[in-house]
Every structure is written in C-alpha cells, then in structure tokens.
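# Structural overview
Residues per chain, in single letters:
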Amino acid sequence: EAQVTQNPRYLITVTGKKLTVTCSQNMNHEYMSWYRQDPGLGLRQIYYSMNVEVTDKGDVPEGYKVSRKEKRNFPLILESPSPNQTSLYFCASSSYGDTQYFGPGTRLTVL
Amino acid sequence: AQSVSQHNHHVILSEAASLELGCNYSYGGTVNLFWYVQYPGQHLQLLLKYFSGDPLVKGIKGFEAEFIKSKFSFNLRKPSVQWSDTAEYFCAVSNDYKLSFGAGTTVTVRA
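A brief structural summary.

A separate point is the interface of chain A and chain B. With 21 residues of chain A at the interface, the matching set in chain B holds 20 residues. Carbon and sulfur atoms make up 54% of the surface buried where chain A meets chain B, a total of about 1,600 Å² over both sides. The largest per-residue losses of area from chain A upon contact with chain B belong to Leu43(A), Thr99(A) and Phe102(A), which jointly make up 29% of the total buried on that side. Our count for the contact surface shared by chain A and chain B stands at zero salt bridges. Summed over the shared surface of chain A and chain B, the result is four residue pairs in polar contact (both at pLDDT 80 or more). Secondary-structure elements contributing two or more residues to the side of chain A that touches chain B are strand 4 (31-38), strand 5 (42-51) and strand 9 (87-94) of chain A. Of all the elements, strand 5 of chain A adds the most residues to the side of chain A that touches chain B, at five residues.

All right, on to the pattern of salt bridges then. All names here are of chain B. Scanning the entire structure with this criterion turns up eight salt bridges over all chains. In this structure, Glu 64 and Arg 77 form a salt bridge, with 3.4 Å as the shortest nitrogen-oxygen distance. Remark: Arg 77 occurs in strand 9 (residues 73-78) and Glu 64 occurs in strand 8 (residues 64-68); sequence separation between them is 13 residues. The buried category is assigned to Glu 64, whose relative accessible area is 18%. What makes Arg 77 partly exposed here is its relative accessible area of 23%. A salt bridge links Asp 85 to Lys 78; the shortest N-O distance between them is 2.8 Å. The class for Asp 85 is buried, based on a relative accessible area of 2%.

Looking now at the side chain of Thr99(A). By secondary structure assignment, the location of Thr99(A) is in the loop between strand 9 and strand 10 (101-102). Residue Thr99(A) is classed as buried on the basis of its relative accessible area of 3%. Within the structure, Thr99(A) has its side chain in polar contact with the side chain of Lys49(B) (distance 3.0 Å). Look past the residues within four positions of Thr99(A) in its chain and what remains in contact with it is Ser93(A), Ser94(A), Phe34(B), Tyr36(B), Leu46(B), Lys49(B) and Phe51(B).

Glancing now at unusual backbone geometry. Pro8(A) follows Asn7(A) through a cis peptide bond whose omega is -5°. Its location among the elements puts Pro8(A) in the loop between strand 1 (4-7) and strand 2 (10-13). Unusually for a residue other than glycine, Ala16(B) sits at a positive phi of about 80°. Structurally, Ala16(B) is set in the loop between strand 2 (10-14) and strand 3 (19-21).

Now for the state of the cysteines. Under the criterion given, the structure shown has two disulfides over all chains. Here Cys23(A) engages in a disulfide with Cys91(A); their sulfurs sit 1.8 Å apart. Note on the Cys23(A) and Cys91(A) pair: the S-S dihedral is about -75°, so by sign convention the disulfide is left-handed. Of this pair, Cys23(A) sits in strand 3 (residues 19-25) while Cys91(A) sits in strand 9, and the two are 68 residues apart along the sequence. On the accessibility criterion, Cys23(A) (2% relative accessible area) is buried. For Cys91(A), a relative accessible area of 0% puts it in the buried group. A disulfide bridge connects Cys23(B) with Cys91(B), and the sulfur atoms are separated by 1.9 Å.

A word on the sheet that holds strand 3 of chain A. Residues and elements named next belong to chain A. Read from one edge of the open sheet, four strands run 1-3-8-7, paired in antiparallel fashion. With one partner strand each, in any of the chains shown, strand 1 and strand 7 (65-66) form the two edges of the open sheet. Inspection of the sheet shows strand 7 paired to strand 8 (residues 76-78) by two bridges, in the antiparallel sense. From the neighbouring strand, Val 66 faces strand 8, where its bridge partner is Leu 76.

What counts and what doesn't
Residues numbered from 1 in each chain as written. Chains lettered and ligands numbered in written order. Predicted model: local features only at pLDDT ≥ 70, side-chain atom pairs only at ≥ 80, totals over all residues. Heavy atoms only, no water. Contact = heavy atoms within 4.5 Å. Buried area = accessible area lost by both parts, 1.4 Å probe. Salt bridge = Lys/Arg side-chain N within 4 Å of Asp/Glu carboxyl O. Polar contact = N/O pair within 3.5 Å; in protein donor to acceptor, adjacent residues only side chain to side chain. Helix = DSSP H or I, 4+ residues; strand = E, 2+ residues; numbered from the N terminus. Buried < 20%, exposed > 50% of the residue type's maximum accessible area, 1.4 Å probe, protein only. Disulfide = S-S within 2.5 Å. Pairing = 2+ DSSP bridges.

The structure is reproduced here in structure tokens:
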C-alpha cells in the first residue's frame, strides 16, 4: 500500500529535550516536506527536500532541522524544543510538481 | 511569494444545502491548485486538483471547483452536502516545488 508513515503519532516532551520525528514514504517520491498545523493558521511549511541531500527552508524553519540521506526518509529534528513548537506536524511526499500525499500526523506537546 | 486566502473561517449548514467555499491566491506565474479535506482526527486527503485544461474540475464525493484565472480564484462547490462532509477544507496552491495552504475553512453540517 502506498503511504507516508510518521512516528511517533503522539509525543509529550519537556523544553530543551532533543527529539526526532521520523517520516518515511514508499512511493519513490523525490519531493518531501514537513508542515505544522495550528488553529487559524492552516498548514505552514517548515522544510522541504527536492531529492536526496537537497533540502531548503520553508516558511517557518526556525527551531527545526531536517536531513535527507535516503530518498524514502525525511526526519524532522527539534534540537531544543520550546512550548511554541507544540503543534500538529505533517509529513508529505510527491513526485515533482504533483499531488502531495500526507502522513497521519504527529501531535507534539512541549511542556 | 505566493499566498492563499480562504474567505470563510467557519461555515455551518444543514444537510442538503449547497456549499461554496471561496479561495483566492496571489502568484503571478503558473500554478497548480488543490483542495484538500481533513476529517476530524484524520490527515489531509486530496479532494480535487487543477493543473491545466477544463477549468471546471470534478473531485471525489461530489465536489467540484472552478478555476477563474482572471480572478485568481479556485472556489469549491457541492450542490447538496451530507452530515459526513463535516470537516476542515484547505485550498492550496503550488508552483513547481512549494505548496502554500490557506488557513482553512471548518464546515459543520447539521443533520
């Protein structure tokens, strides 16, 4: 089954404790992206990657890091999480310029 | 930079009523246009998309949207809504690699 998977689905952590949210796709898509969803703001892009070893900032990259060492994986790293990063996070993938397919989301709470 | 504006934050309807959600975007170049739906507790799913050709596009579950280039609009419509259409709806615009979302419209359908 073609899908985008994210782990964990739910995470509660404390300020400053490094965490990684994994994202994996099995559709051989070149493009992958991370978004955060906040009430009234829709989805805002954090980082995106157009292929292996090619990443770039989206609209709200501060406080986040990403890497793309393999085509299928695109982890999101929060080196020192803060409460304002409490949000719902979605990973997505697509073929270049085509429809993006979204993962199930990761609900992160930073205390 | 491209931006997307959705006219309504929250729409409340009765079953069988008609639905129209407004979406305008600002971007001078060629764009691809999407409507995504997010049912409660679920991830985003594609309703329909426009890349080129007939500006009236039909999607899943009886939804359709019309691209009016002169108005930079891509409004979503459904002639007769059902209770199961209760969800949040997002308009999105992409150029080659960046997908920008509107803030979303919450649609509540009363039985």
